[in-house]
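As a plain string of letters, each chain reads:
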Amino acid sequence: MQESLQKLQNLLQQLFRADAADLDFGIYRIINYRRDELQKFIDAELPTIVNDALDANTETESAHEALDDLKNRVKDAFGEDVLDADGNLIDDTIRDRPLVKQYLEAKAQLGSPQTRDQRADAVFNHLWTFFSRYYDNGDFIPRRRYSQTERYAVPYNGEEVYLHWANRDQYYVKSGEHFSAYRFTSQGITVSFDLRDVDIEKDNVKGAKRFFIPIPDKTTYSPETNEIRIPFEYRPLTDEEKKRYSGQKQQDKIIDTTEPEIMARLTGHYNALSALDRQTAGETTLKKHLRTYTRRNTADFFIHKDLKGFLTRELDVYIKNEIIPLSDLILTNVKNGGGSA
């Protein structure tokens, strides 16, 4: 159970951007304002809700206990080796004994009820599977999946022609024209990325590719306010820069080159240098945020206008298709001669 719960909690941490706790602007301020509540829900409230629901299902627990009791009585009466590890009868010579017959009938009727931990694992795994369908590289969007049964719901009211697309009901935000402040804290020091010169495309006319270029020699640190300011330009590369950053992943090459130059500007300011040089997930704090900043402003994104309603519809389809397959129940009913005239 701990493994499945941890996997779900890790996914929720990604969904709620736990890695952005040190950011201090825009939507991150709202997330950080409620971060303690979100963390409390992920760590404590969610497991409690699931455990309370399992505890409330006394019939399943009672059935499991009754079957275990019969199983132990059979072993006490006829020996430990009359049943295998799965509870199946090995010695057919005692099949007609009243106690054994009672046990086999109960087992056939109940199947093999899962233990409480197994049922908890199933719940956490289903939650992980459900939410992972709508999270792809930081974006909330349905991921393409292939199977015999459809994986997503399409709201439809009987129109003769109906068009549907993956990001329906989501607002598209083009990041090329959405330059926001970027600010984070590290070891008590505030670091601000100051975008000073922006050269954007005019009238949707596609021009030369543009990049975020730090200006190391204008990086400043104020001991009075404990703030580091790193200026940026957003523009096409010069001919010299094209040679310097040639090939693939040019933005990453710009970051790799300018990061040590920014560090060099802070030589003599131990606290400031330490705040940027601290290792986070195998790279410096500065490089981590340089990558986050540039990718955030070079990747378009979507905002859903009714996320709760969307997920409610999707959950209903998931339960019917994945947890309680209605098609299988109907087929079983038909085979057993059920139905109404």
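Residues numbered from 1 in each chain as written. Predicted model: local features only at pLDDT ≥ 70, side-chain atom pairs only at ≥ 80, totals over all residues. Heavy atoms only, no water.

Another aspect to go through is the pairing of strand β3 (residues 189-198). Pairing analysis gives 5 bridges linking strand β2 (residues 182-186) to β3, with the strands arranged antiparallel. Note that in β3 the partner of serine 186 across the bridge is isoleucine 189. Remark: 2 residues form the turn of the hairpin made by β2 and β3, two consecutive strands paired antiparallel; glutamine 187 in that turn has positive phi of roughly 55°. Relative to strand β6 (residues 227-236), β3 is paired through 8 bridges, and the arrangement is parallel. Considered in β6, the bridge of serine 192 is made with arginine 229. (Pairing = 2+ DSSP bridges. Helix = DSSP H or I, 4+ residues; strand = E, 2+ residues; numbered from the N terminus.)

Across the chain, the average pLDDT comes to 78, with 73% of residues at 70 or higher. By mean pLDDT, helix α12 (residues 326-335) is the weakest element of the chain at 51, and strand β5 (residues 220-222) is the strongest at 93. (pLDDT = per-residue confidence, 0-100.)

What follows deals with a nonpolar patch on the surface. A cluster of nonpolar side chains, Leu315, Ile319 and Ile323, forms an exposed patch at the surface whose accessible area comes to about 220 Å². Note on placement: leucine 315 falls in helix α11 (residues 307-323). Relative accessible area serves as the criterion here: at 37%, leucine 315 is assigned to the partly exposed category. (Patch = residues over 30% accessible without salt bridge, like charges linked within 9 Å, V, L, I, M, F, W, Y side chains within 5 Å. Areas by Shrake-Rupley, 256 points an atom, 1.4 Å probe, with all protein chains shown as cover. Salt bridge = Lys/Arg side-chain N within 4 Å of Asp/Glu carboxyl O. Buried < 20%, exposed > 50% of the residue type's maximum accessible area, 1.4 Å probe, protein only.)

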